[in-house]
Amino acid sequence: MDKFFHLKENKTSVSTEVMAGLTTFFAMSYILFVNPAILGQSGMPTQAVFLATIISAVIGTLVMGLFANVPYAQAPGMGLNAFFTYTVVFGLGYSWEQALAMVFICGIINILITVTRVRKMIIHAIPESLQHAIGGGIGVFVAYVGIKNAGFLKFTSDPGTYQVLGDANKGTGTVVTNSSVVPALGAFNSPEIILAIIALILTIVLVVLNVKGAILISIIASTIVAIIMGVVDLSTIDFQGNSLGNSIKELGTTFGAAFSSRGMGSLFSDSGKIPEVLMTILAFSLSDTFDTIGTFIGTGRRTGIFSKADEDALDNSKGMNTKMDRALFADAIATSVGAIFGTSNTTTFVESAAGIGAGGRTGLTSVVTAGMFLIASFFAPLLAVVPTQATAPALIVVGVMMLASFKDIDWSNLEEAIPAFFAAIFMGFSYSISNGIACGFIFYALIKIFKGKGKDVTPILWVVNVLFVINFIILSIL
């Protein structure tokens, strides 16, 4: 075990890696329920999506752990699944089979830009100040996800400023509102929020006292408290309706659907729509690529998962000789695999930061997480026992830890501070790592131009900025 994963070399142990793997799994297990709910609105069978989510997560995470030996987990990404359903299927009118075909092509593109070193060139084109901003920005993002999941915030929208997608009468509609929405502190008068407060205090105390396995202990203890408080009702667990047998049966509908006559077979049949199809694939690919790059930079650099030696070797490496090479490749193949089984883009989850915060440093963490996803296919209903209020504090605390990256930015130098600010803030508040990176890149280039330092912007960064601008235009038109 030690020889394969290099545990001693990475200053970790089997017990620490196991705890980290469990922590990552519980922090991201919500995707098993949220992904089928979102993709199901597009007409896809939810039990098939559930199993496809597990399969893509298991395969992608195992490759990440066994091939790249890094503690990152993969699963269908939030935001990308919403884009799949609400923009591609609802907005543009494509079938879910055609949307899966687009996701598959996106995965192939990601593989090509990985093996041709384009992804690595992008990473090395990112200025150091923006790399620190990405790390801190992911901290803002992760903490915000935790605060929202805990129920500490409520949002108010003015009448006439929102629309409901889906069936509002059945309570399955998704509300889309504009910037009139106003956030406020939630009322601390419900069992769920009280539970979240208890869990947050417990997590902070255990972490501050340096208790080994603090985050995992907090999740388990908070779940027990949730059962006692009645936040989790064990009598509602449905073992038959969500059985593995039903999931396997429905998987036959989505498996290979991307290549069917309703998928790839009809995607390019209308020549007038080909530009729109290509632009949509570009939007998928940009979000997927920069979500992953941002997660690796934000979490890997500070913790030493990707050391300075790895970064230096990346410049001259050929093939898959560094951990970053292998991690990027593992991420690239996961999207195409997921599309084959029937789910939207599979990406490296930012919630991996929870396991890294718990001490995970090697691929053993990922293997444990993958094993838990596999087990989840048999005991899916039991996952509902762990409420989001129990896992939310882990994300908040990890977000606090990651904010330390901001100290390496010279905030007194506006030339450095402004791009860093926009990268970090938009990353958290637009709920997208790629959006934050786009804003940081664009402002960095603009400032360099007006300061007469345009040569400081590398050709790769110019190309990426043009693609980002095109992407924003596409999203405003679609």
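Residues numbered from 1 in each chain as written. Predicted model: local features only at pLDDT ≥ 70, side-chain atom pairs only at ≥ 80, totals over all residues. Heavy atoms only, no water.

Let's shift gears to the overall build of the chain. A count of helices and strands for the chain gives 21 helices and six strands. Relative to its length of 478 residues, the chain is compact, with a C-alpha radius of gyration of 22 Å against a globular reference of 23 Å. Reported as C-alpha extents along the three principal axes, the dimensions of the chain are approximately 65 × 60 × 50 Å. Counting across all 478 residues of the chain, residues that qualify as buried make up 54%. Residue pairs in contact within the chain that sit at least 24 positions apart in sequence constitute 81% of those at least 6 positions apart. For the chain, the accessible area works out to roughly 19,600 Å², and carbon and sulfur atoms hold 66% of it. Between the averaged position of the 25 positive side-chain charges in the chain and that of its 27 negative side-chain charges there is a distance of 6 Å. (Helix = DSSP H or I, 4+ residues; strand = E, 2+ residues; numbered from the N terminus. Rg over C-alpha atoms; globule rule 2.2 N^0.38 Å. Buried < 20%, exposed > 50% of the residue type's maximum accessible area, 1.4 Å probe, protein only. Contact = heavy atoms within 4.5 Å. Areas by Shrake-Rupley, 256 points an atom, 1.4 Å probe, with all protein chains shown as cover. Lys, Arg positive; Asp, Glu negative; His and termini not counted. Charge placed at Lys NZ, Arg CZ, Asp CG, Glu CD.)

Relative to the assigned elements, valine 182 resides in strand β5 (residues 182-185). Valine 182 gets classed as partly exposed once you look at its relative accessible area, which sits at 48%. Residues valine 182 and glycine 151, spaced 31 residues apart in sequence, show a C-alpha to C-alpha distance of 15 Å. Contact partners of valine 182, with chain neighbours within four places excluded, come to Lys154, Phe155 and Thr156.

Turning next to the pattern of salt bridges. Using the criterion set out here, one finds five salt bridges in the structure. Glutamate 415 is paired through a salt bridge with lysine 448; the nearest N and O atoms lie 2.8 Å apart. Pair noted here: glutamate 415 is in helix α19 (residues 414-429) and lysine 448 is in helix α20 (residues 433-450), with a separation of 33 residues, a long-range link. By the burial criterion, glutamate 415 is buried, and lysine 448 matches it. A salt bridge links glutamate 415 to lysine 453; its shortest N-O distance comes to 3.2 Å. One end of the pair, glutamate 415, is in helix α19; the other, lysine 453, is in the loop between α20 and α21 (459-477), with 38 residues separating them in the sequence. (Salt bridge = Lys/Arg side-chain N within 4 Å of Asp/Glu carboxyl O.)

Across the interface, helix α9 (residues 191-208) lies against helix α10 (residues 214-229) with an axial gap of 9 Å and an inter-helix angle of 155°. Considering their axes alone, α9 and α10 lie roughly antiparallel with respect to each other. At the point where α9 passes α10, the crossing takes the right-handed sense. Here Pro191, Ile194, Leu195, Ile198, Ala199, Leu202, Thr203, Leu206 and Val207 of α9 lie close against α10, whose contacting residues are Ala214, Ile215, Ile217, Ser218, Ala221, Ser222, Val225, Ala226 and Met229. Here the contact of α9 with α10 is composed, by residue class, of 15 nonpolar, three polar and no charged. (Axes fitted to C-alpha atoms, helices over the stretch in contact; angles between N-to-C directions. Parallel < 35°, antiparallel > 145°, perpendicular 65-115°, else oblique. Left-handed = near helix turned anticlockwise from the far one by under 90°. Nonpolar A, V, L, I, M, F, W, Y, C, P; charged D, E, K, R; others polar.)

It is worth spelling out the environment of isoleucine 109 at this point. The residue isoleucine 109 is located in helix α6 (residues 96-115) in this model. Taking relative accessible area as the criterion, isoleucine 109 reaches 30% and is therefore assigned partly exposed. Remark: the alpha-carbon pair of isoleucine 109 and alanine 332, spanning 223 residues in sequence, is separated by 8.4 Å. With residues up to four places along the chain from it excluded, the contact list for isoleucine 109 reads Ile281 and Ser285.

Summed over the entire model, instances satisfying the criterion amount to 21 aromatic pairs. Judged by centre distance (4.8 Å) and plane angle (80°), the ring pair of phenylalanine 4 and phenylalanine 5 falls under edge-to-face. Residue phenylalanine 5 is classed as buried on the basis of its relative accessible area, which comes to 5%. The structure contains a cluster of three or more aromatic residues connected by ring pairs, namely Phe141, Tyr144, Phe429 and Tyr431. Lying over the aromatic face of tyrosine 94, lysine 273 brings its terminal NZ or CZ to 4.8 Å of the ring centre. (Phe/Tyr/Trp six-rings, centres within 6.5 Å; stacked < 30°, edge-to-face > 60°. Lys NZ or Arg CZ within 6 Å of the ring centre and 35° of its normal.)

What follows concerns α19. End to end, α19 covers 21 Å across 16 residues, agreeing with the expected 22 Å (1.5 Å per residue, within 8%). Within α19 the residues assigned to the buried category are Glu415, Ala417, Pro419, Ala420, Ala423, Ala424, Met427 and Gly428. In this structure, the buried residues of α19 make contact with α8 (128-150) and α20. Sitting at the amino-terminal end of α19 is asparagine 413, which places a side-chain oxygen 3.1 Å from the backbone nitrogen of glutamate 415. Following α19 by one or two positions, tyrosine 431 adopts a phi angle in the positive range, close to 60°. (Expected span 1.5 Å × (residues − 1). Polar contact = N/O pair within 3.5 Å; in protein donor to acceptor, adjacent residues only side chain to side chain.)

With that settled, the discussion passes to the side chain of threonine 335. Structurally, the position occupied by threonine 335 is in helix α15 (residues 323-341). For threonine 335, a relative accessible area of 0% gives the class buried. Among the polar contacts made by the side chain of threonine 335, one reaches the main-chain carbonyl oxygen of threonine 346 at a distance of 2.8 Å. Non-local contacts of threonine 335, meaning those with residues more than four positions away in its chain, are made with Val103, Gly107, Asp288, Asn345 and Thr346.

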